[in-house]
Amino acid sequence: MFRRQLLFLMLTEPEYCLSVAGHLPKGDPKVATVVDKLIQVGLGASSEAVQKATCKCIAPLAISVEPKVKAMVTYLLTKVYESKSFGERKGAAYLIAGLMSGLGLRAMKDFEFMTPLVEKADSKDTAVRQGSLLVFETISGSFATLFEP
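All of the points below concern the structure found in this document.

### Some details on the packing of helix α3 (residues 29-44) against helix α5 (residues 66-82)
How two helices sit against one another is set out by the angle between their axes and by the gap between those axes.
Okay, step 1: At a closest axis distance of 13 Å, the pairing of α3 and α5 adopts a crossing angle of 10°. For the element pair α3 / α5, the angle class is roughly parallel. Note on element contacts: α5 touches α3 through Lys68, Met72, Tyr75, Leu76 and Lys79, opposite Ala32, Val35, Asp36, Ile39 and Leu43.
Okay, step 2: Here the residues of the contact of α3 with α5 sort into 7 nonpolar, no polar and 3 charged.

Right, here's the structure in full:
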């Protein structure tokens, strides 16, 4: 019960997530558990408000799970391209934006995932093209003026 209340608090008040993340050491297994739970919530929620909140919450935690972020982004990109549900695709896009904004612009270059996104934007499959554009939209919103595709 306490975990649900804490997760609800983190989703409704993302600034609490920032203060919690500041006190946990890098590589703490509890952070990985929280990030996994945020990914589950972000993918399962059809509400855009919840998806935006997971984006804000996961950003400060991305540094603590940096070795696993590439695998997470790969998993989320498959969800963006292959999921039948629009809500799940949008949630995955928000989570990718949160992870990237947590690691900074340099991470996008290190992970080399912008080139495939541009290629997927020209796809004939509408779901793939839409997924790619959703990622562009959420990353642009997350980085604001720092990101120009």
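### Some points on helix α8 (residues 114-121)
Okay, step 1: Regarding α8, the residues found buried are Met114, Leu117 and Ala121. For α8, the angular spread of buried residues about the axis comes to 55°, placing them on one side. Exposed residues lying more than 90 degrees from the buried face of α8 are Thr115 and Glu119.

### Some details on the pattern of salt bridges
Okay, step 1: As enumerated under the stated definition, the model contains 4 salt bridges in all.
Okay, step 2: For lysine 90, the salt bridge goes to glutamate 48, with nearest N and O atoms at 3.9 Å. One end of the pair, lysine 90, is in helix α6 (residues 86-103); the other, glutamate 48, is in helix α4 (residues 48-61), with 42 residues separating them in the sequence.
Okay, step 3: The buried category is assigned to lysine 90, whose relative accessible area is 9%.
Okay, step 4: Accessibility expressed as a relative area gives 36% for glutamate 48, which makes it partly exposed.
Okay, step 5: Between lysine 90 and glutamate 137 there is a salt bridge, with its nearest N and O atoms 3.4 Å apart. Residue lysine 90 is located in helix α6, and its partner glutamate 137 is located in helix α9 (residues 126-143); the two are separated by 47 residues in the primary sequence.
Okay, step 6: For glutamate 137, a relative accessible area of 43% corresponds to the partly exposed category.

Rules used in this analysis
- Residues numbered from 1 in each chain as written.
- Predicted model: local features only at pLDDT ≥ 70, side-chain atom pairs only at ≥ 80, totals over all residues.
- Heavy atoms only, no water.
- Axes fitted to C-alpha atoms, helices over the stretch in contact; angles between N-to-C directions.
- Helix = DSSP H or I, 4+ residues; strand = E, 2+ residues; numbered from the N terminus.
- Parallel < 35°, antiparallel > 145°, perpendicular 65-115°, else oblique.
- Contact = heavy atoms within 4.5 Å.
- Nonpolar A, V, L, I, M, F, W, Y, C, P; charged D, E, K, R; others polar.
- Buried < 20%, exposed > 50% of the residue type's maximum accessible area, 1.4 Å probe, protein only.
- Arc of directions from axis to C-beta.
- Salt bridge = Lys/Arg side-chain N within 4 Å of Asp/Glu carboxyl O.

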